[in-house]
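Listed below, chain by chain, are the residues.
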Amino acid sequence: MKIFPGLTVCEHCDAVYERRPLAAGEVARCRRCGAVLYRASGLDVERWLALTVAAAIVFLIANVYPIIRISLQGLHNEATLWQSVAALVHGAAAPIAVPTALSIILIPFLQIALLLWVLLYARQGRRAPGFAQAMRMLVALRPWSMIEVCMLGILVAVIKLSSYMQVAPGPGIWATAALMVLLTLIANRDIHWLWDLTAPRQADA
Amino acid sequence: MPESTAPPATARHLGVVACHDCGLVCEDWLDASPHAGCPRCGAPLHRRRPDSIARAWALLLAAVVFYIPANVLPVMYTRMLGEGSESTIMSGVLQFWQSGSYGIALVIFIASVAVPCTKFLVLGLLLVTAQRRSTWAMRERARLYRLVEMIGYWSMLDVLVVAIVAALVKFHALSDIEPRIGILFFGIVVILTMLSSMSFDPRLIWDGENPHE
């Protein structure tokens, strides 16, 4: 099968273009439908990896420390992200705990882990074992990662409860906010160029 | 891509196909070997997402059906200082509105009512026009599809709010918040509409331009 690494096809309308290098910050858009074809990567692999390591650290903090503390008439309670998922398990709505755990804990974890794996090798211009599967998984997981929705949910919960009781932020809330920013930077980007970066010399054969 | 103004050629015309997963453009051999995989990443190649319209319709209709119990059944049970009550999605919004928290009422209304209803209407419109191979407002329809892709997952907001408040408020005798079955149906609606918009192939919007295919 012949391949054409110099071409790109718009995912949204099937239009074909020749690829050309972009200056920093530039975006190539489809002339026919206006969708983004590809972007100049603002990050080199070193910085990307550094941000991924940072994301791994804040992920850990966000999951270990409570996000919110409440007190009501001398009683106190606090909850972590895990406990929030666990609170859904009781009662008839229990199955909803599965997609919730996936979207705010497991999928962000997998995104960070897969990126760490791929980038550690890409740094040396090599493809990690299981590179193709990892890259395909990263593409498939992206729409299901919902840390930003979770962050908005935390804020709504704070406002909802603050009319009945005292609400204080826990360390987890800051870590979740940081994770939201870092995950957007590392995972919501064009990852296709890693294929070219790590391509073996005679890839066109 | 500013230079020329002629309409760009399509992959189908040029006899090439792009991998959905890694973006590599390869020669289109799908007539000879319909199960060909991408030579670079191994993902199955296809010109359009398989059974796009049928799958998107099925998932969309299922989502509309589940949207009824999601709104009628209670999503949350709240007991604050003795008194217990169940609330639905709309009654939760109204409660915020009446207590003067207009901003938060609006946020929840947008995420739980406006976004899912917009998705139903937009996906329905895209599917009907794609089936008729309509050439009406293609650029605008393409933009609508991208909008739906972008806003879809924000509807999970209500599920996450219920999870967080239920985890926090657990003072058994005094106050308690528990999830109720409605939130399960609501979560299913969000997942089904996301799957529906992923099954829809936006290239079908443009296929009406070429009547012989």
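Draft legend 1. View of the overall build of chain A. Counting secondary structure elements, chain A contains seven helices and seven strands. Reading chain A from its N end, one meets helices and strands in the order β-β-β-β-α-β-β-α-α-α-α-β-α-α. Out of the 205 residues in chain A, the part that is buried amounts to 36%. Contacts in chain A between residues far apart in sequence, at least 24 positions, make up 62% of those at least 6 positions apart.

Draft legend 2. Molecular detail of the overall build of chain B. Check the secondary structure of chain B and you find eight helices and six strands. Written out in order from the N terminus, the α and β elements of chain B read α-β-β-α-β-β-α-α-α-α-β-β-α-α. By the compact-globule yardstick of 17 Å for 213 residues, chain B is too spread out, its C-alpha radius of gyration being 22 Å. Over its C-alpha atoms, taken along the principal directions, chain B stretches across nearly 70 × 35 × 35 Å.

Draft legend 3. The sheet that holds strand 5 (residues 68-72) of chain A, seen in detail. The strand order across the open sheet formed by three strands is 6-5-7 (chain A), and the pairing between neighbours is antiparallel. The open sheet is flanked by strand 6 (75-79) and strand 7 (166-169) of chain A, the only strands paired with a single partner. Each neighbouring strand pair of the sheet contributes to a mean axis angle of 20°, computed without reference to strand direction. As defined by bridge partners, strand 5 of chain A adjoins strand 6 of chain A across five bridges and the pair is classed as antiparallel. Paired with Arg69 of chain A across the strands is Glu78 of chain A, a residue of strand 6 of chain A. Relative to the sheet, helix 5 (residues 147-162) of chain A contacts strand 5 and strand 7 of chain A, its axis offset from that of strand 5 of chain A by approximately 10°. Along the sheet, helix 6 (residues 157-168) of chain B makes contact with strand 5 and strand 6 of chain A, crossing strand 6 of chain A at roughly 140°.

Draft legend 4. Representation of the domain arrangement of chain A in the model. Domain assignment breaks chain A into domain 1 (1-40) and domain 2 (43-197). Here the C-alpha centre of domain 2 of chain A lies 30 Å away from the C-alpha centre of domain 1 of chain A.

Draft legend 5. Structural detail: the interface of chain B and chain A. Facing 63 residues of chain B, the contacting portion of chain A comprises 62 residues. Broken down by element, the side of chain B that touches chain A gets its largest block of residues, 10 residues, from helix 6 of chain B. The residue makeup of the side of chain B that touches chain A, split by class, is 45 nonpolar, seven polar and 11 charged.

Draft legend 6. Seen up close, the domain arrangement of chain B. Split by domain assignment, chain B resolves into domain 1 (1-47) and domain 2 (50-207). Using only C-alpha atoms to locate each centre, domain 1 of chain B and domain 2 of chain B end up separated by 34 Å.

Draft legend 7. Structural context of the nonpolar core. Counting residues in each nonpolar core, the largest one holds 118 residues, and the members touching the most others are Ile68 and Leu179 of chain A together with Leu160, Ala163, Ile164, Val165 and Val189 of chain B. For this core, the element with the highest residue contribution is helix 6 of chain B, accounting for 11 residues. Discounting residues that sit within four places of it in the chain, Ala163 of chain B has contacts with Ser84, Val85, Ala87, Leu88 and Thr100 of chain A.

Draft legend 8. Spatial organisation of helix 3 (residues 97-122) of chain A. In a regular helix each residue adds 1.5 Å, so 26 residues correspond to 38 Å; helix 3 of chain A covers 36 Å between its end C-alpha atoms and thus fits that length. A bend of about 45° at Ser103 of chain A is the largest found in helix 3 of chain A.

Draft legend 9. View of the packing of helix 2 (residues 52-72) of chain B against helix 4 (residues 102-131) of chain B. Residues and elements named next belong to chain B. In contact at an axis separation of 11 Å, helix 2 and helix 4 are set at 150° when each is read in the N-to-C sense. Viewed along their axes, helix 2 and helix 4 adopt a mutual orientation that is roughly antiparallel. Crossing hand, helix 2 versus helix 4: left-handed. Here helix 2 contributes Ile53, Ala56, Trp57, Leu60, Val64 and Tyr67 to the contact with helix 4, which in turn contributes Pro116, Phe120, Leu123, Gly124, Leu127, Ala130 and Gln131. Partitioned by chemical class, the residues of the contact of helix 2 with helix 4 number 11 nonpolar, two polar and no charged.

Draft legend 10. The confidence of the model for chain B, seen in detail. Confidence along chain B averages 91 in pLDDT terms, with 95% of residues attaining 70 or more. For chain B, per-element mean pLDDT is lowest for strand 5 (residues 170-171) of chain B, which scores 86, and highest for helix 2 of chain B, which scores 97.

Thresholds applied
Residues numbered from 1 in each chain as written. Chains lettered and ligands numbered in written order. Predicted model: local features only at pLDDT ≥ 70, side-chain atom pairs only at ≥ 80, totals over all residues. Helix = DSSP H or I, 4+ residues; strand = E, 2+ residues; numbered from the N terminus. Buried ≥ 20, exposed ≤ 12 C-beta atoms within 10 Å, placed from the backbone. Contact = placed C-beta atoms within 7 Å. Rg over C-alpha atoms; globule rule 2.2 N^0.38 Å. Pairing = 2+ DSSP bridges. Axes fitted to C-alpha atoms, helices over the stretch in contact; angles between N-to-C directions. Domains from an automatic or database assignment. Nonpolar A, V, L, I, M, F, W, Y, C, P; charged D, E, K, R; others polar. Core = buried A, V, L, I, M, F, W, Y, C linked by C-beta atoms within 7 Å. Expected span 1.5 Å × (residues − 1). Bend = angle between axes of the 7 residues up to and from the residue. Parallel < 35°, antiparallel > 145°, perpendicular 65-115°, else oblique. Left-handed = near helix turned anticlockwise from the far one by under 90°. pLDDT = per-residue confidence, 0-100.

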